[in-house]
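Residue strings, one per chain:
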Amino acid sequence: MTWPFDPVGALSDWLRWGAATQEVWMSAMGDARAIARQREARLQALLEAAAARSPVYRTRFADAPAGVAGFARLAPIGKVELMGHFDEWVTDPEIRLDEVLPFIADPQRIGEQYLGRYTVWTSSGSTGSPGVFVQDARALSIYDALSTLRCPARAMAASPLRSLAAGHRFAMIVALGGHFAGVVSWERLRSANPWVRSLTRSFSVLEPIDSLVDALNAWDPQVIASYPTTLLLLAAEREAGRLRIAPRVAWSGGETLADAERTEIERALGCQVVNGYGASECMQMAFDCGHGALHLNSDWVILEPIDSEGRPTEPGQASASVLLTNLANHVQPLVRYDLGDSITLRPGVCACGSPFPMIDVDGRRDDIVVLQTLNGQSVRLVPLALATVIEEGSGVHRFQVIQTGRRALRIRFDPPSGEQPEVVWQRLVACLRAYLSRHGLGHVTIRRDARAPQSDPVSGKLREVLGPRAPRRRAYHHACLGARSTRRTIDARRRAKGDQGPRVSGGPDARFGP
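The sections below set out a description of the structure shown in this document. (Residues numbered from 1 in each chain as written. Predicted model: local features only at pLDDT ≥ 70, side-chain atom pairs only at ≥ 80, totals over all residues. Heavy atoms only, no water.)

Right, let's talk about the overall build of the protein chain for a bit. Scanning the protein chain from N- to C-terminus turns up 16 helices and 21 strands. Here the protein chain holds 514 residues, and the buried ones make up 59% of them. Long-range contacts, defined here as pairs at least 24 residues apart, represent 69% of the contacts in the protein chain between residues at least 6 apart. (Helix = DSSP H or I, 4+ residues; strand = E, 2+ residues; numbered from the N terminus. Buried < 20%, exposed > 50% of the residue type's maximum accessible area, 1.4 Å probe, protein only. Contact = heavy atoms within 4.5 Å.)

Rendered as structure tokens:
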């Protein structure tokens, strides 16, 4: 979830956001053919900009017809390859990775503009390769307009802009401290607007649940935003009478939201839950219409669902991966980018009447871990909190935390390149032990599993946190709350099977949209 930028800032910001809002609003007024025309025009503009100013894409485009005509022939590209040529990927030569990395390593600079004009955030490195993503003011204005205008009709009155204008208090409950997309966007708004700062507060999911409940009771927010697993914990606390807030709407993102979980949260909190789909690579890919469907923002996003051989999938068929083209961001182009998520195009027309296509998304599916204190009290730990502790505290980006008993965990991990596994293990145990001790769980046994982290044999995804039982849940993934998307590319899956062949080749034009 994001909010419009500085409403009391420069006139140029006002004009840019106004133009973006008008574009987004007008798109929803058109039919599928009008949306397709807009998408094609924006794709042409992106391809021209990338060919003119990005050396990486200029080289990749050389053997294909220029513009939209050659789009389907462009070979997919992944994060590892692009990050390996970061300075040649971006279209502004003043953006340099050796200067960006110290910038995003400093938590005091979260929300600050890089070079005075760019917003930078990171993705996790759960595939072993963290990503760095740069947005200009134009892209941010599009994300903001999409977030503001495209939400369920019942939640429109509680949309971020209207809620802030009405003086409602916001609570964002996430993993703080990193330059993640949602956290950066949140701080961008707060730093630019003193009046917004007085209405918004951030709360860390790393806090013990009783401390978090006390803080939320004291703040008494009307709007809350967090991960589904955290919202489930808060729902249980409210049913138990310990959490006394009465929010008007709960915004969910960062991991799976199953239908039954949505129902449970809405019943316990007494408000509507609004979901979405996004990633660090593209903040606003799909929106919740309020009728049980996610709709692709196909005027600004192209998603091509493909099978394990790189062929387009049919409606109703879950993809092995999906190729993303972000039409809003010209400073760091993403054209047929292997996102790694599994999506399914839903056939038919939604009851809401939206002209935008419906999708299902198989995203993050980690489990809540329930451990027991020495006096027998159960303590539930949010999976993204555990992941944050390990990634930030140990520098390990590929791991699995497996609960093996009420007071026992087993850890699998791949050490960072060039580091001794035993040194990394000691660092990992130290940061995890410190976190568990804050929750009264310092006695929990932590054992090392010599095996490497195991990806799901069907989806190819790595589940980082596994509880005693690991039921499959219908997934809607959204990265805008600072989530770490667990992804694995098709090529990585093929290499794991012993296939050392070339990358997935570009196939027929399978552009995903109306």
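Let us now look at the sheet that holds strand β6 (residues 249-252). One open sheet accounts for five strands, arranged β4-β3-β5-β6-β7; its pairing is parallel. In the strand order of this sheet, the two ends are held by β4 (200-204) and β7 (272-274), each with one partner. Sheet twist, expressed as the average angle between the axes of neighbouring strands with direction ignored, equals 20 degrees. Sheet topology note: the strand β3 (residues 170-174)/strand β5 (residues 223-226) ladder contains four bridges and is parallel. Across the sheet, residue methionine 172 finds its bridge partner in β5, namely alanine 225. Across the face of the sheet, helix α13 (residues 259-269) comes into contact with β5, β6 and β7 while running at roughly 135 degrees to β7. (Pairing = 2+ DSSP bridges. Axes fitted to C-alpha atoms, helices over the stretch in contact; angles between N-to-C directions.)

Here we come to helix α7 (residues 137-149). Quick reminder: α-helices carry 3.6 residues per turn. Residues three or four places apart thus point the same way. Over its 13 residues, α7 extends 18 Å from the first C-alpha to the last, a length consistent with the 18 Å expected when each residue adds 1.5 Å. Of all the 13 residues making up α7, ten are buried; the element is thus mostly covered by neighbouring parts of the structure. Looking only at α7, the buried set comprises Ala139, Leu140, Ser141, Ile142, Tyr143, Asp144, Ala145, Leu146, Ser147 and Thr148. (Expected span 1.5 Å × (residues − 1).)

Moving on, we get to the sheet that holds strand β20 (residues 445-448). Read from one edge to the other, the open sheet built from four strands follows the order β20-β19-β18-β21, with strand pairing classed as mixed. Each edge of the sheet is formed by a strand with only one pairing partner; in this case those strands are β20 and β21 (465-466). Judged from the four bridges that link them, strand β19 (residues 408-414) and β20 form a sheet pairing that is parallel. Within β20, the position partnered with leucine 409 by the bridge is isoleucine 446. Sheet strands in contact with helix α14 (residues 383-394) are β18 (398-405) and β21, and its direction is about 125 degrees off that of β18.

Remark: helix α12 (residues 228-239) packs on α13, axes separated minimally by 9 Å, with the N-to-C direction vectors making an angle of 40 degrees. For the element pair α12 / α13, the angle class is oblique. Helix-helix and strand crossings are classified by hand; for α12 and α13 the assignment is left-handed. Here Pro228, Leu231, Leu232, Leu234, Ala235, Arg238 and Glu239 of α12 lie close against α13, whose contacting residues are Glu261, Glu264, Ile265, Arg267, Ala268 and Leu269. (Parallel < 35°, antiparallel > 145°, perpendicular 65-115°, else oblique. Left-handed = near helix turned anticlockwise from the far one by under 90°.)

Below, the discussion takes up the pattern of salt bridges. Counted under the stated rule, the structure contains 25 salt bridges. The shortest N-O distance in the salt bridge between arginine 398 and aspartate 414 comes to 3.3 Å. You can see arginine 398 sitting in strand β18 and its partner aspartate 414 sitting in strand β19, a full 16 residues away along the chain. You can call arginine 398 buried: its relative accessible area is 14%. Of the charged contacts, one joins arginine 410 and aspartate 449 as a salt bridge, the two residues approaching to 2.8 Å between their closest N and O atoms. Placement of the pair is arginine 410 in strand β19 and aspartate 449 in the loop between β20 and β21, with a sequence separation of 39 residues. Taking the relative accessible area as the measure of exposure, arginine 410 reaches 24% and is therefore partly exposed. Three or more residues are tied together by salt bridges with common partners; here these are Arg410, Arg412, Asp449 and Arg451. (Salt bridge = Lys/Arg side-chain N within 4 Å of Asp/Glu carboxyl O.)

Let's shift gears to the side chain of arginine 150. Locating arginine 150 in the fold gives a position in the loop between α7 and α8 (160-165). With a relative accessible area of 7%, arginine 150 lands in the buried category. In terms of polar contacts, arginine 150 uses its side chain to reach the side chain of aspartate 299, at 2.8 Å. With sequence-adjacent residues up to four places away left out, arginine 150 is seen in contact with Val24, Ser27, Ala28, Ala145, Phe287, Asn297, Asp299 and Phe356. (Polar contact = N/O pair within 3.5 Å; in protein donor to acceptor, adjacent residues only side chain to side chain.)

On to the pairing of strand β1 (residues 119-122), then. On β1, burial covers both faces: Thr119 and Trp121 on one face and Val120 and Thr122 on the other are all buried. Bridge analysis of β1 against strand β2 (residues 132-135) gives four bridges, and the strand direction is antiparallel. Paired with tryptophan 121 across the two strands is phenylalanine 133, which belongs to β2.

Take a nonpolar patch on the surface next. Together, Trp25, Met26 and Met29 make up a nonpolar patch on the protein surface, roughly 350 Å² of accessible area in all. On the secondary structure map, methionine 29 appears in helix α1 (residues 11-29). (Patch = residues over 30% accessible without salt bridge, like charges linked within 9 Å, V, L, I, M, F, W, Y side chains within 5 Å. Areas by Shrake-Rupley, 256 points an atom, 1.4 Å probe, with all protein chains shown as cover.)

Moving on, we come to the packing of helix α11 (residues 209-219) against α12. In contact at an axis separation of 11 Å, α11 and α12 are set at 75 degrees when each is read in the N-to-C sense. In terms of orientation, α11 and α12 fall into the roughly perpendicular class. In contact with Ile209, Leu212, Val213 and Leu216 of α11, α12 contributes Leu233, Leu234 and Glu237.

So, on to the pairing of strand β9 (residues 282-288). When you tally the buried positions in β9, you get seven out of seven residues, the bulk of the element. Between strand β8 (residues 276-279) and β9, which pair antiparallel in sequence order, lie two residues. Between the antiparallel neighbours β9 and strand β10 (residues 294-296) lie five residues, among them glycine 290 with a positive phi of about 90 degrees.

Now for the packing of aromatic side chains. In this structure the tally under the stated criterion is six aromatic pairs. Taken together, a centroid distance of 5.5 Å and an interplanar angle of 45 degrees make the contact between tyrosine 57 and phenylalanine 61 tilted. Residue tyrosine 57 and its partner phenylalanine 61 are both found in helix α3 (residues 55-61); the two are separated by four residues, about one turn of the helix. Across this residue pair, the class does not change: tyrosine 57 and phenylalanine 61 are buried. Measuring from ring centre to ring centre gives 6.0 Å for phenylalanine 86 and tryptophan 89, while their planes differ by 80 degrees; the resulting arrangement is edge-to-face. In this pair, phenylalanine 86 and tryptophan 89 are both assigned in helix α5 (residues 86-89), three residues apart and thus about one turn of the helix distant. Aromatic ring contacts, followed pair by pair, group Phe86, Trp89 and Phe133 into a single cluster. The aromatic ring of phenylalanine 71 is capped on one face by arginine 336, whose charged end is 5.8 Å from the ring centroid. (Phe/Tyr/Trp six-rings, centres within 6.5 Å; stacked < 30°, edge-to-face > 60°. Lys NZ or Arg CZ within 6 Å of the ring centre and 35° of its normal.)

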